[in-house]
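Residues per chain are reported as follows:
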Amino acid sequence: MMKENPSDLVILDIMMPGMDGYELARRIRAFSNVPLIFLSAKDEEIDSVLGFAVGADDYVTKPFRPRELGMRVRACLRRALAPSSSVPSGLLSMCGIELDPRSHESSLHGKPLSLTPKEFELLRVLMEAGGEPRSAAELFERVWGERADAAASNTVMVHVRHVRQKLAAIDSSSGFIVTVWGVGYRMNAE
């Protein structure tokens, strides 16, 4: 249905008949960057981490406050519909990785990378830092546009792992993103 009738935003539960929300989110992410919010009774940290790992933009637990959910929907839509003029126009290039913020295209050694919007932004922030480390809290605040909380470092860690996996699928000979213990992450500019 989504391929035939694109949506502006998707709200998914995790526990659904036939297919769980994680799998549906994976399938949606295979063809769309639509803002995606999980709304679930599952309130363990691992549940939200898995939600973000499959491409969610937000995770809300039940019971929820309707006005808060409405504000989260508006925030996701605002980020998704932000004018392209707020995105840097220059092509970023480092370690064989190229990112074009205008077209939202990315490649490694000329081979396309299939990055979710959050993965793309995470990689962009790290590349713009030019090899200087960035803390998980800073990355979370810049990529998710929210104040970092206790779960922020786990969210960033999961997204970094996914970007690393996608880069390694094309070129496993180099560690493109380096963990700087006690500090955060940086691009391997060597």
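Heads up: the structure comes first, above all this text.
Residues numbered from 1 in each chain as written. Predicted model: local features only at pLDDT ≥ 70, side-chain atom pairs only at ≥ 80, totals over all residues. Heavy atoms only, no water.

Further remarks concern the sheet that holds strand β1 (residues 10-12). Taken in spatial order, the three strands line up as β1-β2-β3 in an open sheet, and their pairing is parallel. The open sheet has two edge strands with one neighbour each: β1 and β3 (58-61). For this sheet, the mean inter-axis angle between neighbouring strands, taken without regard to orientation, is 20 degrees. Sheet topology note: the β1/strand β2 (residues 36-40) ladder contains three bridges and is parallel. Across the sheet, residue I11 finds its bridge partner in β2, namely I37. Contacts between helix α1 (residues 21-29) and the sheet are confined to β1 and β2, with β2 contributing the most and set at about 175 degrees to the helix. (Pairing = 2+ DSSP bridges. Helix = DSSP H or I, 4+ residues; strand = E, 2+ residues; numbered from the N terminus. Axes fitted to C-alpha atoms, helices over the stretch in contact; angles between N-to-C directions. Contact = heavy atoms within 4.5 Å.)

The next subject is the pattern of salt bridges. For the structure on display, the rule yields 15 salt bridges. The residue E68 makes a salt bridge to R72 at a minimum N-O spacing of 2.9 Å. Of this pair, E68 and R72 both sit in helix α3 (residues 66-80), four residues apart, which is roughly one turn of that helix. For R124, the salt bridge goes to E128, with nearest N and O atoms at 2.8 Å. With a gap of four residues between them, R124 and E128 both fall in helix α4 (residues 117-128), about one helical turn apart. For R124, a relative accessible area of 10% corresponds to the buried category. (Salt bridge = Lys/Arg side-chain N within 4 Å of Asp/Glu carboxyl O. Buried < 20%, exposed > 50% of the residue type's maximum accessible area, 1.4 Å probe, protein only.)

The subject of this paragraph is the pairing of β3. The pairing of β2 with β3 spans four bridges and is classified as parallel. Pairing of F38 across the sheet is with Y59, part of β3. Crossover handedness for the path β2 to helix α2 (residues 45-53) to β3: right-handed. (Right-handed = clockwise from strand over helix to strand, strands pointing away.)

A few words now on the sheet that holds strand β5 (residues 97-100). Taken in spatial order, the four strands make up an open sheet running β4-β5-β6-β7, and their pairing is antiparallel. Each having just a single partner strand, β4 (92-94) and β7 (111-112) make up the two edges of the open sheet. As paired strands, β4 and β5 are joined by three bridges and run antiparallel to one another. Residue pairing in the sheet places L92 in a bridge with L99 of β5. Lying over the sheet, α4 contacts β4, β5 and β6 (105-108), oriented at roughly 110 degrees with respect to β5.

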